[in-house]
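Examining the three-dimensional arrangement
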Amino acid sequence: MSEAPRAVLALCLGNICRSPIAEGLLRHHCALLKLELEIDSAGTGGYHVGEAPDPRSVEVMRLKGHDIREQRARKLTLADLEYFDLILAMDTNNVREASRLTNDPRLRAKVLLLDPEGRDVPDPYYGGPNGFLHIYEMIDKAVSQRAKSWVK
Ligand code: 4NP
């Protein structure tokens, strides 16, 4: 068990495919466990800033009973590294890109892979819709494990 963070950010590259699913599932699992955390998501790249989640992410979440249509993509900033207690990255590229924003080891230490077992959640952007079910399942399992570890 680790201490519950006050604020958690899910991180991927575009903030339109993986981290919007992670944000939605963090909200879901934390609500189930009555954990009152601040939850958000961002991307290391700025290509999709202001956009709603990818329709394939919206659809897989809808099929599982979650509505993420209100989310909007934004780019990770140094202020995020300062503000959030924990930044849960989908893959090792995201961890590396986030670390480029600062030399402060205390801030860099906040950025971890989402999966407690250290697997990357693969970038599904150029794949088909089946890839989205796969990443949904990976993210759901990892988020559930993380959230349970925050219960006192
Ligand atoms: P995400 O997926 O990082 O899971 O949001 C991607 C979205 C867009 C791009 C790459 C990955 N892109 O190259 O535009």
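Here we summarise the structure given alongside this text. Sequence order as written defines the numbering, with residues in each chain counted from 1. Local features in this predicted model are restricted to residues of pLDDT 70 or higher, and side-chain atom pairs are both shown and tallied only at a pLDDT of 80 or more, whereas totals for entire chains, interfaces and linings draw on every residue. Computation of side-chain values: all heavy atoms of the structure, hydrogens and water removed.

A short note on the overall build of the protein chain
Inclusion rule: Under the DSSP-based scheme used, a helix requires at least four consecutive residues in state H or I and a strand at least two consecutive residues in state E, with every element numbered from the N terminus. Here the radius of gyration uses the C-alpha set of atoms, whereas the globule reference equals 2.2 Å times the residue count to the power 0.38. Whether two residues are in contact is decided by their heavy atoms, any of which lying within 4.5 Å being enough. Each accessible area is a Shrake-Rupley result for a 1.4 Å probe, and residues are judged covered by the shown protein chains and nothing else. For this count, His and the chain ends are skipped, Lys and Arg are scored as positive, and Asp and Glu as negative. All charge positions are set by atom: Lys at NZ, Arg at CZ, Asp at CG, Glu at CD.
In terms of helices and strands, the protein chain carries six helices and four strands. Order of helices (α) and strands (β) in the protein chain, N terminus to C terminus: β-α-β-α-α-β-α-α-β-α. Relative to a compact globule of 152 residues, whose C-alpha radius of gyration would be 15 Å, the protein chain shows 14 Å and is just as compact. Seen through its principal axes, the protein chain has C-alpha atoms that stretch 40 × 35 × 25 Å. Partitioning the contacts of the protein chain with sequence separation of at least 6, the portion at a separation of at least 24 is 76%. Surface summary for the protein chain: the accessible area is close to 8000 Å², and the carbon and sulfur share equals 53%. Each charge class in the protein chain was averaged separately, 21 positive and 22 negative side chains, and the resulting centres sit 1 Å apart.

Section: the pairing of strand S2 (residues 38–43)
Put simply, the test is: For two strands to be treated as a pair, DSSP must find no fewer than two bridges joining them. Clockwise travel from the first strand over the helix to the second, with the strands pointing away from the viewer, marks a crossover as right-handed.
Pairing geometry for strand S1 (residues 7–12) and S2, over six bridges, is parallel. Of the residues in S2, the one forming a bridge with Ala10 is Ser41. After leaving S1, the chain enters helix H1 (residues 18–32) and then returns to the sheet as S2, a path that is right-handed.

A short note on the pairing of strand S3 (residues 86–89)
This is how the line gets drawn: Burial classification: accessible surface area is computed with a 1.4 Å probe over protein chains only, and a residue below 20% of its type maximum counts as buried, one above 50% as exposed, and the rest as partly exposed.
Here S3 shows a buried face lined by Leu86 and Leu88 and a second buried face lined by Ile87 and Ala89. Relative to S3, S1 runs parallel, the two sharing four bridges. Bridging across to S3, Val8 finds its partner in Leu86.

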